[in-house]
Amino acid sequence: MKIAVIGQSLFGQEVYCRLREEGHEVVGVFTVPDKDGKADPLGLQAEQDGVPVFKFTRWRAKGRALPDVVAQYQALGAELNVLPFCSQFIPMEVISAPRHGSIIYHPSLLPRHRGASAINWTLIHGDKKGGFTIFWADDGLDTGDLLLQKECEVLPDDTVSSLYNRFLFPEGVKGMVQAVKLIAEGKAPRLPQPEDGATYEGIQRKETARIDWDQPAEAIHNWIRGNDKVPGAWTEACGQKLTFFNSTLNTAGLEPEGEDLPIPGAHRPGVVTKAGLILFGNDGRMLLVKNIQLEDGKMIPAARFFRRAESSTLELTEEELGTAEAVRDAWKRILPSVPEVDESTDFFKSGAASVDVVRLVEEVKELCDGLELENEDVYMATTFGDFIQLLVRRLRGDDKEAECAIAYVEKAVNKLTLRMPHQLFIGGAFVDAEGGKTYETINPTDGSVLCQVSLAQVSDVDKAVAAAKDAFENGLWGKISARDRGRLLYRLAELMEQHQEELATIEALDAGAVYTLALKTHVGMSVQTFRYFAGWCDKIQGSTIPINQARPNRNLSMTRREPVGVCGIIIPWNYPLMMLSWKTAACLAAGNTVVVKPAQVTPLTALKFAELTLKAGIPKGVVNVLPGSGSLVGQRLSDHPDVRKIGFTGSTEVGKHIMRSCALSNVKKVSLELGGKSPLLIFADCDLGKAVQMGMSSVFFNKGENCIAAGRLFVEDSIHDQFVQRVVEEVGKMKIGNPLDRDTDHGPQNHLAHLKKLLEYCRRGVEEGATLVCGGKQVPRPGFFFEPTVFTDVQDHMFIAREESFGPVMIISRFADGDVDAVLTRANATEFGLASGVFTRDINKALYVSDKLEAGTVFVNTYNKTDVAAPFGGFKQSGFGKDLGEAALNEYLRVKTVTFEY
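Residues numbered from 1 in each chain as written. Predicted model: local features only at pLDDT ≥ 70, side-chain atom pairs only at ≥ 80, totals over all residues. Heavy atoms only, no water.

Counting secondary structure elements, the protein contains 27 helices and 40 strands. Per-residue burial for the protein yields a buried fraction of 55% across its 902 residues. When contacts within the protein are restricted to residue pairs at least 6 apart in sequence, long-range pairs at least 24 apart make up 69% of them. Accessible surface, the protein: about 37600 Å² in total, of which carbon and sulfur atoms supply 50%. Across the protein, 100 positive and 118 negative side-chain charges occur, with their mean positions spaced 2 Å apart. (Helix = DSSP H or I, 4+ residues; strand = E, 2+ residues; numbered from the N terminus. Buried < 20%, exposed > 50% of the residue type's maximum accessible area, 1.4 Å probe, protein only. Contact = heavy atoms within 4.5 Å. Areas by Shrake-Rupley, 256 points an atom, 1.4 Å probe, with all protein chains shown as cover. Lys, Arg positive; Asp, Glu negative; His and termini not counted. Charge placed at Lys NZ, Arg CZ, Asp CG, Glu CD.)

Okay, the nonpolar core next. Counting residues in each nonpolar core, the largest one holds 110 residues, and the members touching the most others are Met496, Phe530, Ile682, Leu713 and Phe723. Tallying contributions element by element places helix H17 (residues 576-589) first for this core, with 10 residues. No fewer than three residues from each of domain 4 (456-540 + 561-673) and domain 5 (679-871) sit in this core. With near-sequence residues (within four places) excluded, Phe723 lies in contact with Ile682, Leu688, Ala691, Val692, Leu713, Val715 and Ile812. One finds Tyr16, Trp136, Ala179 and Ile183 within the second-largest nonpolar core, a separate group that totals 36 residues. (Core = buried A, V, L, I, M, F, W, Y, C linked by side-chain atoms within 4.5 Å. Domains from an automatic or database assignment.)

Further remarks concern the UniProt feature "domain: Carrier" (unreviewed entry) in the protein. UniProt marks residues 318-395 with the feature "domain: Carrier" (unreviewed entry), using the numbering shown here. The span residues 318-395 carries 63% helix and 0% strand; its end-to-end C-alpha distance comes to 14 Å. (UniProt positions renumbered as here; feature names shortened; annotations may be inferred.)

A few words now on the packing of aromatic side chains. For any pair of aromatic rings, geometry is given as the distance between the ring centres together with the angle between the planes. Counted by the stated rule, this structure contains 25 aromatic pairs. Ring centres of Phe11 and Tyr105 lie 4.6 Å apart, and the angle between their planes is 45°; this geometry places the pair in the tilted category. Of the two residues, Phe11 is situated in helix H1 (residues 9-21) and Tyr105 in strand E7 (residues 102-106); the sequence distance between them amounts to 94 residues. The burial state of Phe11 is the same as that of Tyr105; both residues are buried. Ring plane angle 15° and centroid distance 4.7 Å describe the contact between Phe30 and Phe54, whose orientation is recorded as stacked. Within this pair, whereas Phe30 is found in strand E2 (residues 25-30), its partner Phe54 is found in strand E3 (residues 53-54), the two being separated by 24 residues in sequence. For Phe54, a relative accessible area of 16% puts it in the buried group. The lysine or arginine in question, Arg190, covers the ring of Trp136, its NZ or CZ lying 3.7 Å from the ring centre. (Phe/Tyr/Trp six-rings, centres within 6.5 Å; stacked < 30°, edge-to-face > 60°. Lys NZ or Arg CZ within 6 Å of the ring centre and 35° of its normal.)

As a further point, take the side chain of Glu502. Along the chain, Glu502 turns up in helix H15 (residues 500-511). Residue classification places Glu502 among the buried residues on the basis of a relative accessible area of 13%. Within the local environment of Glu502, its side chain forms a polar contact with the backbone nitrogen of Arg419, the two atoms lying 3.3 Å apart. Looking at Glu502, its side chain comes within polar contact range of the side chain of His499, at 3.1 Å. Beyond its immediate sequence surroundings of up to four residues, Glu502 is in contact with Leu416, Thr417, Leu418, Arg419 and Lys608. (Polar contact = N/O pair within 3.5 Å; in protein donor to acceptor, adjacent residues only side chain to side chain.)

Another aspect to go through is helix H3 (residues 67-74). Those residues of H3 that sit buried are Val69, Val70 and Tyr73. An end-on view of H3 places all buried positions within 95° of arc, on one side of the element. Close packing links the buried residues of H3 with strand E1 (2-6), E2, strand E5 (64-65), strand E6 (80-83) and helix H4 (92-95). (Arc of directions from axis to C-beta.)

The domains assigned to the protein are domain 1 (2-185), domain 2 (217-304), domain 3 (318-396), domain 4 (456-540 + 561-673) and domain 5 (679-871). Relative placement of domain 1 and domain 5: their C-alpha centres are 76 Å apart.

Counting buried residues in strand E36 (residues 835-839) gives five out of five residues, a clear majority hidden from the surface. On E36, burial covers both faces: Ala835, Gly837 and Phe839 on one face and Ser836 and Val838 on the other are all buried. Relative to E36, strand E30 (residues 678-682) runs parallel, the two being bridged by three bridges. Bridge pairing in E36 places Ile682 opposite Phe839. Handedness of the crossover is the feature at issue here: the chain leaves E36, passes through helix H26 (residues 843-852), returns alongside strand E37 (residues 857-860), and the resulting connection is right-handed. (Pairing = 2+ DSSP bridges. Right-handed = clockwise from strand over helix to strand, strands pointing away.)

Per-chain confidence: the protein averages 93 in pLDDT, with 98% of residues scoring 70 or above. Note on residues 399-404: pLDDT is under 50 here. Beyond four places in sequence and across chains, it has six contacts. (pLDDT = per-residue confidence, 0-100.)

Next up on the list: the UniProt feature "binding site: (6R)-10-formyltetrahydrofolate" (unreviewed entry) in the protein. Under the feature "binding site: (6R)-10-formyltetrahydrofolate" (unreviewed entry), the UniProt entry names Gln88, Phe89, Ile90 and Asp142. These annotated residues cover 55 residues of sequence, and their C-alpha atoms lie no more than 13.8 Å from one another, placing them together at a single site. Here Gln88 shows up in the loop between E6 and H4. Among residues more than four places away in sequence, those in contact with Gln88 are Thr31, Val32, Pro33, Phe56, Thr57 and Trp59. A polar contact is formed between the side chain of Gln88 and the backbone oxygen of Phe56, at a distance of 2.8 Å. Take Phe89: it is sitting in the loop between E6 and H4.

The next thing to look at is a nonpolar patch on the surface. A contiguous nonpolar patch, built from Leu556, Phe900 and Tyr902 and spanning about 310 Å² of accessible area, is present on the exposed surface. On the secondary structure map, Tyr902 appears in the segment after strand E40 (893-901). (Patch = residues over 30% accessible without salt bridge, like charges linked within 9 Å, V, L, I, M, F, W, Y side chains within 5 Å. Salt bridge = Lys/Arg side-chain N within 4 Å of Asp/Glu carboxyl O.)

Spatially, the seven strands line up as an open sheet ordered E32-E33-E34-E31-E30-E36-E37, and their pairing is mixed. The outermost strands of the open sheet, each flanked by one partner alone, are strand E32 (771-774) and E37. Between one strand axis and the next, the sheet turns through 20° on average, direction left out of account. In terms of strand pairing, E30 meets strand E31 (residues 710-716) through five bridges, oriented parallel. Bridge pairing in E31 links Ile682 to Val715. Relative to the sheet, helix H22 (residues 717-733) contacts E30, E31, E32, strand E33 (789-792) and strand E34 (809-815), its axis offset from that of E31 by approximately 130°. (Axes fitted to C-alpha atoms, helices over the stretch in contact; angles between N-to-C directions.)

Here we come to the sheet that holds strand E24 (residues 555-563). Ordered in space as E23-E24-E40, the three strands form an open sheet in which the pairing is antiparallel. Unpaired on one side and paired on the other, strand E23 (544-545) and E40 mark the two borders of the sheet. As paired strands, E23 and E24 are joined by two bridges and run antiparallel to one another. Within the sheet, the bridge partner assigned to Thr544 lies in E24 and is Met558.

Note that the residue after Leu110, namely Pro111, is joined by a cis bond; omega there is 15°. Among the secondary structure elements, Pro111 is positioned in the loop between E7 and helix H5 (118-124). Residues Arg551 and Pro552 are joined by a peptide bond in cis, for which omega reads 15°. Backbone geometry places His113, a non-glycine residue, at a positive phi of 65°. Position of His113 relative to the elements: it lies in the loop between E7 and H5. Residues other than glycine seldom take positive phi values, yet Lys703 does so here, at roughly 65°. Structurally, Lys703 can be placed in the loop between helix H21 (688-700) and E31. We classify Lys703 as buried; its relative accessible area is 3%.

Right under this line is the structure:
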């Protein structure tokens, strides 16, 4: 079909391109004249394709069509006029000329919101449904017969831009192409528009966009978002006109605490907070505005309204000056009508439009090694000088405000000066807990107080979840590509490695970890975990599935693997940083945001980790860290309706409680790594030297505070006595001492309550008749030191045979020579199934035993050999779900099936 395209903009360009792809002949394009030397995208594309382009300044004069204009149009012989977006008045002599007439795109569900500001009014009226109409043009204003309509849900925080970009643009292009196809096939309907429900609203202009404060918060929010970005809802305050952008009613967890901003006519003063500007409706409800445009046109974060004069000007290096000149050239290319770009040149006052914002962002990306700016950044820094300052700060990775906001506890130890954050980390800032509540964290080496740590309250959890939800739904994290997400995680891993000595020292002070072990395992494996999952970010993909065809049509089904949203991660005290990394790395790689609750007794590496996420450039709100009690913080995370996943490592008892809370609240996704009583079977045909060495490690590694520690060793009768003798000899060689000493083998237990539990555990073992070969007592020195302990003659019914010690206590039982099935029965006679092990030189026996052991991990002729690429998790009451490996990603993803018919 021969088509004349009449209109402008990127939308018009896309419709034009798609019509040509469908095989239609575009005989001419009619668009607006060049502005400031720049051609409209539609006209530019058509000129490149060799299609005739006409740029009439007007089509009629004094209400009558211009004959020469109409003649040029009629000479093309168009069979259909397509008006995707047109700001000019087209005379009926043109509208009615083609054989098929003219069709027009309108961004509302007609007859509602006739007029040029339809999208604005859809939002201003708070419509729950929006959409577009393609109608047959007539001599009325948007009153022609309907051809096609499509609708969508209007989200609570949609703006003109978001609604347009999400639905009205992409689906509108498809709709226009579909409409032309229907016309070509003779199937296009002509449905008279009903007058029922018809509305007409005028064009929104700056002078009519003033905010009326005498209405509810939702109505004010709708007014602001309905005028965002053009013309901008405004009010007068502080002696100038302020225009508000990026409004939300999502104020969960926000408190109106900050500096008052008096607004004439408002129900009460606004409040400038760290989150933005809180405003109030006449119903007392709050809304939050994130950006403010000042009267001089400069856009600033609302949170900086009273601090906008504080930023100092950066002095640029030679290299940065070179970058500035390259960016200046880009501005000249985009703004050809500007003779010279200087520091005060304003991007928008020089004629730039929204399409130029996209172009500038892309130019910067090419010039600055892939640096990703947001469109919003251009609106925030409209003059060239401000833009360069913003750009250089991003290139340097500077976040000086965030650094200045950290109140460190400093300690000179281990030839280092430790700088340890000790406040809650919420929304990218370190803040005090509600009511300023704190608690003491203790050094287990000597029982001294390391520092006061903020103690999170329920309201703090709500704030952190709100920050994580906002970061997930509205922030940069969900907009960047998966590959860029991986790049940020790689950067975080690099920073963790650069700070490994500091992190390992904090683990030694706060958790009693032996420094050399902390360096290799606590921190080393944490770095490896983030590197591993950073590599997975751009490899998370779905599949296409052959399904039955709905003949004569065809079908295609595909799956998408999507992040679940806000995740709560509750970690234990034995490996504070490593357990955080095992769960958080997979969670972030999948694209989620997270609220981490470290163990109350070991919060400091989690808070240092939070600081490193800032340095890595992880967007604010993506990671939040809340030290506090499990009964308060962990419970609220499990109950919170906006948390979609809980990952927990801890006791079986608490795991069951969490599972119940997750079910009753909102049926959260859950993964649990719980208690263990891992059996280790040592057969007489093993390499005894290796079995002794690995048996020692299976129990005493990390002071026995190890979830997969061998809770019970079954030793074949013929080598039992020799094995015990050699173990006792090795225990006697272990050096107990300060975990920071490089020759220390065995440091203090994590905290006093755990030390007391171990003393009671050993007392019960002796009481029930087990033989205490060595240990079983507290070491007579300051701190929470416990002797490495060995029990023999342990019978299956005894308490120490059934329950986990979670400490340096080796439980040894005999089994009869050659009786493989009997010892397997005993090994599996437990409700736990986290790990297990077998030592034998017989490969058939090793395979048979590994097949029969009921545990999520089986070690053969080794122990504690975990790796970031190998999935880890338990069976039975040791929990379900996996950490590490590709399998861990599934815990933080949901699968969506999408089925097409064509």
